[in-house]
Amino acid sequence: MRRLVMVFLSASIASAQVPFTRIVNADNEPGNWLTYSRTLDGHRYSPLSEINAQNVSNLRVKWAYQFANPRTEVSPIVVDGILYVTGPNSAAAIDGRSGNSLWQWSRPVPHDFVSVLFGHTNRGAAVLDDKLFVATLDGYLVALDLKSGTERWSTRVLDYKLGYSMTMAPLAIDGKVVVGVSGGEAGIRGFVDAYDARTGKQAWRFYTIPGPGEPGHETWSGGDWKTGGGATWVTGAYDPELKLVYWGVGNPGPDWNGDVRPGDNLYTCSFVALDADTGKLRWHFQFTPHDTHDWDATHVPILFDAVVSGQKRKLISIANRNAFYYVLDRTNGQFITGRPYAKQTWALGLDAGGRPITAPNGQPTEEGALIWPNANGATVWMSPSYSPQTGLVYVPVREIGATYFKRNTPYRAGGMFAGGGENELSPDDSWGAIRALQAGTGEMRWEFKLLSPPWAGVLSTAGGLVFSGSDEGNFYALDAQSGKPLWDFQTGGSIAANPVSFTVDGHQCIAIAADRVLYVFAL
Amino acid sequence: MSRYGFVTCMRLPTVVLCAVLLCLGASSWNSSTVRGQTTGVRPDPVVGKKLFQEHCSACHGLEGGGGRGPSLQTPRLKHASDENGLKALIGNGISPEMPGAWYLTDDEIASVAGYVLTLGSVPREKVPGDATHGASVYAQANCGMCHTLAGQGSGVGPDLTEVGARRGATQLRQTLQHPERTIPDGFMFVEAVLSSGDSIQGVRMNEDSFSIQIRDLSGRFYSFRKADLKELKKLRGVTPMPSYESGLSATELDDLVAYLAAQRGPS
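Residues numbered from 1 in each chain as written. Chains lettered and ligands numbered in written order. Predicted model: local features only at pLDDT ≥ 70, side-chain atom pairs only at ≥ 80, totals over all residues.

A. Expanded view of the overall build of chain A. The helix and strand inventory of chain A stands at two helices and 38 strands. In summary, chain A has a C-alpha radius of gyration of 21 Å against a globular reference of 24 Å for 523 residues, a match within 12%. Taken along the three principal axes of its C-alpha coordinates, chain A extends 70 × 50 × 45 Å. With 523 residues in all, chain A has 60% of them scored as buried. Considering only contacts in chain A between residues 6 or more positions apart, those separated by 24 or more positions represent 60%. (Helix = DSSP H or I, 4+ residues; strand = E, 2+ residues; numbered from the N terminus. Rg over C-alpha atoms; globule rule 2.2 N^0.38 Å. Buried ≥ 20, exposed ≤ 12 C-beta atoms within 10 Å, placed from the backbone. Contact = placed C-beta atoms within 7 Å.)

This is the structure in structure tokens:
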């Protein structure tokens, strides 16, 4: 029997080829999870429905896999029954039947590497053709052979000694692999890069902080732009028809002291739409001009189409860290609508163009100013989910304020360049929720309250379910229409990861990482 | 995550994105560490505070109360057992989470360490009262019915072995007179109302989004699914500790405060 299984596995792996057409047409194979959000439009929605509201209470652990590092944030890729997972500077292929690893890869983290104000983590891989793409903390994009885990090529993207790093899952598009960088608290100059998937050669680079002579440079003064931040540390989305890559850009540097960088500080706290062939900027929309709260717009964009004022429009939405939900036209960045989805005290509202009307006492001070949301925002990097079945966007919401303060911090290459910080409110003065928002308007349909502000992403399914996790370790399922809790399981570790769904031997599974453990559940 | 029975605190911020400060064993001050020049100026906690706020507060909070990184307001830094260990840790960082302050001079690092060491404990102070007699008052008032001190007593209330390092005499006195005004962070007295209408009062030992674990004053543990409860009341500002404002004489109160102020943990 063991031999038979081995033969099956070998055959399965040998046939694991993932041309881009498979990723574009992901709905043709709902048992796989071929890109970070399953589909390029950032939905994190599974068309699988074997697990549904009627039977989810029977969900059981199928197997568990242990990681070497704590607080795993990985979102697995699943190809034909094999899971591909990552950790910091590491990756593994796991047999979906047993949970046993098939191969493992790692490369050492340099002894002098430091994460400047971000976690020692990795959120996942990308797959294209016969390769798995992994970004490393010390700045390499590595292509691994899907069958063996051996390195096919490795390209240096950045210099970690300047405070740069990579923690996100790359995004594979047609022939290219797109990556973003971490380091927004180290005074980096952020960028989005694309590399040839076959060779590892750089295809293009888009700097999120425009240099002299480039549009947007006028929103900086003097040499501020050189340390302007604008990290790009969360995976974006892609529209293969428009051939546009959509990516979120992080905070300006220094984070909390805006006095030293007057201006809007483009393209920080923005969505940028980039030409997939050239990396040229097609449009941008800035959610938080001249941010002083560390409110990166590094979120997975949600692409969907809907009728607006009688016309079918191609839209892009985001539940932003700044506590507002936005809907834009994804062909040109035009603001359609926006509204708060969580408590916020920094803005009186949005003007007709979507620019915030700032409130008094909404900025950090020397003594400290109490502001909602806190620096980690009303939501953070973890993925929301959009269900085409319900038309709802499910957002993990953090209801927490903080006392923001500012300080003068000189820039030193590779050191912290934050310019202040925050004192969070106590845990019993904060809480969390999953909120279901109408995708086209942001209007709330329901909420499910959580004890603590969450760090887990959301998965919605055609089984009418919403899965997510709590900071206290609960992994749970809600009714997608009502938010009613239907099932929960205490994992024993804080959940700071995104769930995925796939099939093994034709049966639906749900996976979530909790601290050091990847759990796979099935009926 | 944590289960009752061994939980001492709950809902600790688990987002330690940076600076899991003091979570490694303290290494000795490394003479090979490349540092800036020494200036010959004595380490100064006032200077250390300014440097701390400029370089450390983004993670540890303006007064070291924690944020993205852990709180440093604790009498004993778990993994920097002495000042030299703390200086080494500040200078070298903890790879990969906490950047080292390689750009500070030795004196500046010493100043930061000196300031950090003031965060977790109140300074020793001269207080009226007889601490030796205070030990007798502690016994006569049956404080050990609810508290442990140096391993003795019952564990329903907070341990008092280091209470003199955590609280100054004024606060200790206030706690004895008006305990509801000085409830420690994380302590929550709750009442679980069952579907039958009966209710259980006790100290919250742990809680997640779907369940809560409680210990009543007899030490018995309860675990409830929140969905099964009629109501869960979080009794903010409520403590089972009685006031000793009228139960003790002024002298006894002075002596008990002096005794508790002297409890600063193992030397």
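The discussion continues.
B. Spatial organisation of the sheet that holds strand 32 (residues 459-461) of chain A. Residue and element names in this part refer to chain A. Read from one edge to the other, the open sheet built from five strands follows the order 1-32-33-34-35, with strand pairing classed as mixed. Each having just a single partner strand, strand 1 (45-46) and strand 35 (485-490) make up the two edges of the open sheet. Judged from the five bridges that link them, strand 34 (residues 474-479) and strand 35 form a sheet pairing that is antiparallel. Bridge pairing in strand 35 places leucine 478 opposite proline 485. (Pairing = 2+ DSSP bridges.)

C. Just the interface of chain A and chain B, in detail. The partner chain B presents 30 residues to the 43 residues of chain A that form the contact. At the level of secondary structure, the elements contributing two or more residues to the side of chain A that touches chain B comprise strand 29 (420-424) and strand 35 of chain A. It is strand 29 of chain A that contributes the most residues to the side of chain A that touches chain B, five residues altogether. In terms of residue class, the side of chain A that touches chain B is made up of 14 nonpolar, 20 polar and nine charged. (Nonpolar A, V, L, I, M, F, W, Y, C, P; charged D, E, K, R; others polar.)

D. Quick peek at unusual backbone geometry. Residue and element names in this part refer to chain A. Going from leucine 266 to tyrosine 267, the amide bond is cis rather than trans, its omega being 0°. Structurally, the position occupied by tyrosine 267 is in the loop between strand 16 (244-248) and strand 17 (270-275). In this structure, the amide linkage connecting tryptophan 372 to the following residue, proline 373, adopts the cis form with an omega of -10°. Tracing the chain through its elements places proline 373 in the loop between strand 25 (369-371) and strand 26 (385-387). Not every positive phi belongs to a glycine, and aspartate 505 is a case in point at roughly 55°. Note on placement: aspartate 505 falls in the loop between strand 36 (500-504) and strand 37 (507-514). The exposure class assigned to aspartate 505 is exposed, which follows from the 11 C-beta atoms found within 10 Å.

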